[in-house]
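What follows is the residue order along each chain.
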Amino acid sequence: GLTLILSTHLARSYHHLFPLRNWVEVPWAEAARSTACFSCQSPFPEPPKANKEKGKDEAAPAKAPAKGVSESGRYKCQVCDHHFCIDCDVFAHMVIHNCPGCQSQSQQAAAAAAPLTDGVEANGNGHTTNGGMMAIDG
Ligand SMILES: [Zn+2]
Ligand SMILES: [Zn+2]
């Protein structure tokens, strides 16, 4: 008999073959260019003020961020370069298997490219040669 294949099954295998690439932690130096998550618009923590604290040995022991956790609260997709929060990171990789930034970019690209596909078709038509007529004078 026929095996019914649901589109969700195909989507699942697709995501298995092409997993969404992990997002990378955004360092504070790069964090200033974004103020909110690109996907859910939740505000990011502001970069620490550049006030020179001379008691550096005092703050040193507390700074031991867990590996894989972004100190700036931002996670960047290396493809589209957008910043996201941890919640959207988890949601994108565990649930929807898509990058909201990449998806919106591809939609914009498709919309921009759509008008260009018209008007290309006329090339190669209009075959007008007079080779069929042969004048014979006797
Ligand atoms: Zn978010
Ligand atoms: Zn992306």
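Residues numbered from 1 in each chain as written. Chains lettered and ligands numbered in written order. Predicted model: local features only at pLDDT ≥ 70, side-chain atom pairs only at ≥ 80, totals over all residues. Heavy atoms only, no water.

## Re the packing of aromatic side chains
On inspection of all chains with the given rule, the structure shows two aromatic pairs. Centroid distance Trp23 to Phe84: 4.3 Å. Interplanar angle 20°. Geometry classified as stacked. Highlighted residues: Trp23 in the loop between α1 (7-17) and β1 (24-25) and Phe84 in strand β3 (residues 83-84), separated in sequence by 61 residues. The two residues Trp23 and Phe84 agree in class, both being buried. Considering the side-chain rings of Phe38 and Phe84, the 5.9 Å spacing of their centres and the 90° angle between planes classify their relative orientation as edge-to-face. Separated by 46 residues along the polypeptide, Phe38 in the loop between α2 (28-31) and α3 (56-59) and Phe84 in strand β3 bring together distant segments of the chain. Using a relative accessible area of 31% as the deciding quantity, one classes Phe38 as partly exposed. Site record: aromatic cluster; members linked through ring pairs are Trp23, Phe38 and Phe84. (Phe/Tyr/Trp six-rings, centres within 6.5 Å; stacked < 30°, edge-to-face > 60°. Helix = DSSP H or I, 4+ residues; strand = E, 2+ residues; numbered from the N terminus. Buried < 20%, exposed > 50% of the residue type's maximum accessible area, 1.4 Å probe, protein only.)

## Re helix α4 (residues 86-96)
Along α4, the residues that are buried comprise Cys88, Asp89, Ala92 and His93. Seen end-on, α4 carries its buried residues on one side only, within an arc spanning 120°. Residues of α4 that are exposed and angled more than 90 degrees away from the buried face: Asp87 and Met94. Backbone geometry just after α4 places His97 at a positive phi near 55°. (Arc of directions from axis to C-beta.)

## Comments concerning the coordination of the zinc ion (ligand 2)
For a metal bound by four donors in tetrahedral geometry, the ideal donor-metal-donor angle is 109.5 degrees, whereas six donors in octahedral geometry ideally sit at 90 or 180 degrees. Note on the zinc ion (ligand 2): its protein donors are Cys77 (SG), Cys80 (SG), Cys99 (SG) and Cys102 (SG). The metal-donor distances range over 2.2 to 2.4 Å. With four donor atoms in place around the zinc ion (ligand 2) and angles of 104 to 114° between them, the coordination shape is tetrahedral. Considered as a linear motif, the donors of the zinc ion (ligand 2) on their single chain read C-x2-C-x18-C-x2-C. Placement of Cys77 in the loop between β2 (75-76) and β3 and of Cys99 in the loop between α4 and α5 (100-113) is noted, with a sequence separation of 22 residues between them. (Donors = N, O, S within 2.8 Å, 3.2 Å for Na, K, Ca; no water. Tetrahedral: all angles 85-135°; square planar, octahedral: opposite > 155°, others 65-115°.)

## Some words on the coordination of the zinc ion (ligand 1)
Within the protein, the atoms that donate to the zinc ion (ligand 1) are Cys37 (SG), Cys40 (SG), Cys85 (SG) and Cys88 (SG), at distances of 2.2 to 2.3 Å. Coordination at the zinc ion (ligand 1) comes from four donor atoms whose angles at the metal span 106 to 119°, giving a geometry best classed as tetrahedral.

## Comments concerning the side chain of His93
One can find His93 in helix α4. Of note is the side chain of His93, whose polar atom sits 2.9 Å from the side chain of Asp89. Setting aside residues no more than four positions away along its own chain, His93 makes contact with Leu20, Arg21, Asn22 and Trp23. (Polar contact = N/O pair within 3.5 Å; in protein donor to acceptor, adjacent residues only side chain to side chain. Contact = heavy atoms within 4.5 Å.)

## Topic: the nonpolar core
Core analysis: the largest hydrophobic core is formed by twelve residues, namely Trp23, Cys37, Phe44, Tyr75, Cys77, Cys80, Phe84, Cys85, Cys88, Ala92, Cys99 and Cys102. When sequence neighbours within four positions are dropped, the list of residues in contact with Cys77 reads Trp23, His82, Phe84, Cys99 and Cys102. (Core = buried A, V, L, I, M, F, W, Y, C linked by side-chain atoms within 4.5 Å.)

## Observations concerning the confidence of the model for the chain
Averaged over all residues, the pLDDT of the chain is 77; the fraction at 70 or higher stands at 65%. Mean pLDDT per element in the chain: α3 is the minimum at 48, and β3 is the maximum at 97. For the stretch residues 58-62, pLDDT sits under 50, and the model shows one contact to residues farther than four places along the chain or on other chains. In the predicted structure, residues 125-129 sits below a pLDDT of 50 and forms zero contacts with residues beyond four places in sequence or in another chain. (pLDDT = per-residue confidence, 0-100.)

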